[in-house]
Amino acid sequence: MKFSNGCWLQQEGCECFAPQQAYFTKAEADKVTICAPTIPINHRGDTLGGINLTLIITAPMEEVLRVQTYHHLGAVNAYPAFEINAGAKPLKTDENDERIIIYSGSLALEIGKKHWYMRYTRNGKLVTESKAKDLALMKTDWKGLAYDRGDYRDTYMRQQLGIGVDEKLYGLGERFTPFVRNGQSIKIWNADGGTSTEQCYKNIPFYISNKGYGVFVNHPENVEFEIGTEMVTKAEFSVEGTYLDYFLINGPEMKDVLRRYTDLTGKPGLPAPWTFGLWLSTSFTTNYDEETVMSFVDGMLARGIPLRTFHFDCFWMKEFHWSDFLWDSQVFPDPAGMLKRIKEKGLNICVWINSYIGQESVLFREGMEKGYFIKRPNGQVWQWDMWQPGMAIVDFTNPGAWKWFQDKLEVLLDMGVDCFKTDFGERIPTDVVYYDRSDPKKMHNYYTYLYNKCVYELLERKLGKGQAVLFARSATVGGQKFPVHWGGDCWSDYESMEESLRGGLSLCMSGFGFWAHDIGGFEHTSTADVYKRWVAFGLLSSHSRLHGSQSYRVPWLYDEEAVDVVRFFTCLKAKLMPYLYKTAIAAATEGIPSMRSMVLEFTKDKTCHYLDKQYMLGDSLLVAPIFNEESRAEYYLPQGIWTNFFTGREYRGGTWIEEQHGYLSIPLMVRENSVVAVGAHEDRPDYDYADGCELRVYAVHDGVKIDTEVYGMNNTVELSASIKRQGHTILVTADSTKPYTIRMINMRAAEAKNGFLTLEGNDSIVTPDQGASVIEILF
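Since the model is a prediction, treat every value here as computed from it, not as a measurement.

Things to note about the sheet that holds strand β19 (residues 224-227)
Here is step 1: Here we have six strands laid out as an open sheet, ordered β3-β13-β14-β20-β19-β16, and antiparallel in their pairing. The two strands at the open ends of the sheet, each matched to only one other strand, are β3 (15-17) and β16 (184-187). Going across the sheet, the axis of each strand differs from the next one's by a mean of 20°, ignoring polarity.
Here is step 2: Sheet analysis places β3 next to strand β13 (residues 136-139), joined by three bridges and oriented antiparallel. Across the sheet, the residue bridging to Cys16 is Met138, located in β13.

A look at the layout of surface pockets
Here is step 1: The calculated volume of the largest pocket comes to roughly 690 Å³.
Here is step 2: Around the largest pocket, the lining is made up of 32 residues, and of these Glu221, Glu240, Gly241, Asp439 and Lys442 lie nearest the centre.
Here is step 3: For the lining of the largest pocket, the element with the most residues is strand β20 (residues 234-240), which contributes three residues.
Here is step 4: Among the residues forming the lining of the largest pocket, the class breakdown is 14 nonpolar, eight polar and ten charged.

So, the pairing of strand β23 (residues 307-312)
Here is step 1: Most of β23 sits out of view: six of its six residues are buried.
Here is step 2: Relative to β23, strand β22 (residues 278-281) runs parallel, the two sharing four bridges. Paired with Ser281 across the bridge in β23 is His311.
Here is step 3: Note on the crossover from β22 through helix α2 (residues 290-302) to β23: the handedness is right-handed.
Here is step 4: By the bridge criterion, four bridges tie β23 to strand β24 (residues 348-353) in an arrangement that is parallel. The residue of β24 that forms the bridge with Thr309 is Asn348.
Here is step 5: With helix α3 (residues 335-343) bridging β23 and its parallel neighbour β24, the resulting β-α-β unit is right-handed.

Digging into the side chain of Ser594
Here is step 1: Tracing the backbone shows Ser594 in the loop between α10 (577-590) and β32 (595-596).
Here is step 2: Judged by its relative accessible area of 3%, Ser594 is buried.
Here is step 3: Those residues in contact with Ser594 that lie beyond four places of it in its chain are Gly513, Phe514, Ser542, Thr583, Ala584, Ala587, Met616, Leu617 and Gly618.

Considerations on the pattern of salt bridges
Here is step 1: Scanning the model with the defined rule gives 60 salt bridges in all.
Here is step 2: The closest approach of N and O atoms between Glu83 and Lys453, which form a salt bridge, is 2.9 Å. You can see Glu83 sitting in the loop between β7 (64-70) and β8 (92-95) and its partner Lys453 sitting in helix α6 (residues 440-463), a full 370 residues away along the chain.
Here is step 3: Residue Asp407 pairs with Lys403 through a salt bridge whose shortest N-O separation is 2.8 Å. In this pair, Asp407 and Lys403 both sit in helix α5 (residues 399-415), four residues apart, roughly one turn of the helix.
Here is step 4: You can call Asp407 partly exposed: its relative accessible area is 31%.
Here is step 5: Connected via shared salt-bridge partners are Asp192, Asp423, Glu426, Arg427, Arg473 and Asp489.

Quick look at the nonpolar core
Here is step 1: Phe216, Phe312, Trp316, Phe405, Phe420 and Tyr447 are the most contacted members of the largest nonpolar core, which totals 186 residues.
Here is step 2: The biggest single contributor to this core is α6, with eleven residues.

Some remarks on the sheet that holds strand β4 (residues 24-27)
Here is step 1: One open sheet holds the eight strands; their spatial order is β4-β5-β6-β7-β21-β18-β17-β15, and the pairing between them is antiparallel. With one partner strand each, in any of the chains shown, β4 and β15 (169-173) form the two edges of the open sheet. For this sheet the average axis-to-axis angle between neighbouring strands, irrespective of direction, equals 15°.
Here is step 2: Contacting β7, β15, β17 (203-209), β18 (213-217) and β21 (243-250), helix α1 (residues 254-265) runs over the sheet at an angle of about 150° to β17.

Notes on α6
Here is step 1: The first and last C-alpha atoms of α6 sit 33 Å apart over 24 residues, in line with the 34 Å expected at 1.5 Å per residue.
Here is step 2: Roughly 55° is the biggest bend found in α6, and it falls at Tyr446.
Here is step 3: Among the 24 residues of α6, 18 are classified as buried, and the element is accordingly described as predominantly covered.
Here is step 4: Its side-chain oxygen placed 2.9 Å from the backbone nitrogen of Lys441, Asp439 serves as the N-cap of α6.

How each quantity is defined
- Residues numbered from 1 in each chain as written.
- Predicted model: local features only at pLDDT ≥ 70, side-chain atom pairs only at ≥ 80, totals over all residues.
- Heavy atoms only, no water.
- Pairing = 2+ DSSP bridges.
- Helix = DSSP H or I, 4+ residues; strand = E, 2+ residues; numbered from the N terminus.
- Axes fitted to C-alpha atoms, helices over the stretch in contact; angles between N-to-C directions.
- 1 Å grid on protein atoms, 1.4 Å probe; cavity = no way out; pocket = protein on both sides within 12 Å on 5 of 7 lines; lining within 4 Å.
- Points joined across faces, edges and corners; volume = space filled by probe spheres on them.
- Nonpolar A, V, L, I, M, F, W, Y, C, P; charged D, E, K, R; others polar.
- Buried < 20%, exposed > 50% of the residue type's maximum accessible area, 1.4 Å probe, protein only.
- Right-handed = clockwise from strand over helix to strand, strands pointing away.
- Contact = heavy atoms within 4.5 Å.
- Salt bridge = Lys/Arg side-chain N within 4 Å of Asp/Glu carboxyl O.
- Core = buried A, V, L, I, M, F, W, Y, C linked by side-chain atoms within 4.5 Å.
- Expected span 1.5 Å × (residues − 1).
- Bend = angle between axes of the 7 residues up to and from the residue.
- Polar contact = N/O pair within 3.5 Å; in protein donor to acceptor, adjacent residues only side chain to side chain.

Geometric values such as these leave the question of function open.
Structure (structure tokens):
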């Protein structure tokens, strides 16, 4: 929200009340409290009235500082609040007459006492700062010192933090606008706006800087960001009311910021291995019955495409009855039998749901009578006619409604359903009353957290921890604990494919570990060209689903080559699963996403700061989708030696590459000093990853040591290896009870000690002797 009129003036009717000094400071073991008058206090008479701000500064963990600023503490509505891990660690302070410094590890906050300023430093070097009038209470309809109406509708709390030279900010959720946030005005307000507007489904009030710090604004309600707009050298965030709560999270690396942010808000959940395979949907408004479904399943399997999950979209339920969680008997007369027949083919099953109950649903009257729906202030059920005529919304603040919703879904799980697509959750009204009296403005964004948590916890309880998975569209802070999220409704063209990737990378800069999108696009039907390029991109994303709106997404409806493309990349992903699952475990334990923007992985390379059409899939693989019908790939390689995964061709980095690619190809480049574990199976994503695994070693520099692991599907390490090059020798130290091989890419060895050496083209393949833990490869 913009308050100023240029550098010196405020907008008409707007007044700024900013701290002038730290009048009182109280340093305790785990917090610092500051009384900050907004007028200079020159004599006792200046203390009689006026606006004071109270700051409470704590450290929930090392390298993180929390600043809570209050005007009227009694006006703060605390619920709902994000579920965060925010204790108070012991603080170190240094205070004199001029300033107070609060430390949390290498991070420090210095506050001026006689002349107000806030300066964040790392090991004494400036990170960002807030100067005079940056932190402030803002009144947009100022009528004097009293709040005559008894409300705070025209009152806001604001902070502005400096943006340095060459500094760029990222994140703030799954946004489809330009990847670098500088120059953008952003509202944190979930909306059902598709992928081609400034609205987005997953708004996260957290941004991350290439200078190695992040800012998390701890407010579920609307937070408005002005990133280098109102003031071009400042990142501003403001909230309605008299209270502002934010955390500054130190790095020094961007990955460190994400680790600490997810320590605070929750690590991404770990999806089960089967979820990484190919999903196929009925699509949305298409006509389908069991015969259609089985023809799709059988058609994929007959063509050698290892389909892993089948998804039933909305019309598995009868029209106008969404949601009643009952199969449309006219279309699916034997749902239990159908699900059994699908599962006998080795597939898992997903069905679409949402938390909106149409008036025709058999659940409507029950929910209404038991008080399970959100209500209007007059006590009536809140209803409207968009999406489903007369629909109501389940009130998850009501424990009875929570259990009721889970009980209805549990019937489906007992029938054979494995997971749910938790659609919608964005258009949540604010002129309502909740069971627990939650603030409806805060609930607008927070609602999706309760909705997805309710379903995810049911899946964990019924199927076991590690088996729960959603396909969710909306999210807020903490939603990363309930994966997977997909990008929402996009068109079926290259522009939408591009904006989808941009949004996904933005979400993955906001604490989320896994992401998917509608392969081929959702609205309308793509050309065969777009479909085949999107398939390659989609199957080199963390999760992969074929889904559309008015038309089916089975490949043979495009052309026969599309069948080959889907088969090729589905099999490739299955073979990459040892590497991908290791990457997934890192996402769940560290908070580092599976799909990483180039700036996250190569922060010091300035060319990477703006790149949003390529990404790193884990530590070692660079993926550059093709976005044009000329088959032209354009991508950037950072410094170092890069190897084409398919051909073995080596490239020198630090340059842009332009080349042609057929449909059975995509720029998939392997970083130097990498080990990529490739599995022995391509017919499914869930198998014994260590058994028969091939460790592919790429461009190892002299003196470099590389450690890698291969996990089993129970998340325990089943193969660990350390690979070090010393001159013309590569020493492999490994621990595995299962057979595996080592392939040295573009390296022809002369001898292998404790292993059998085979030469294949430019590569050397070593099969370790049984029981050998140290293998020496000589060149």
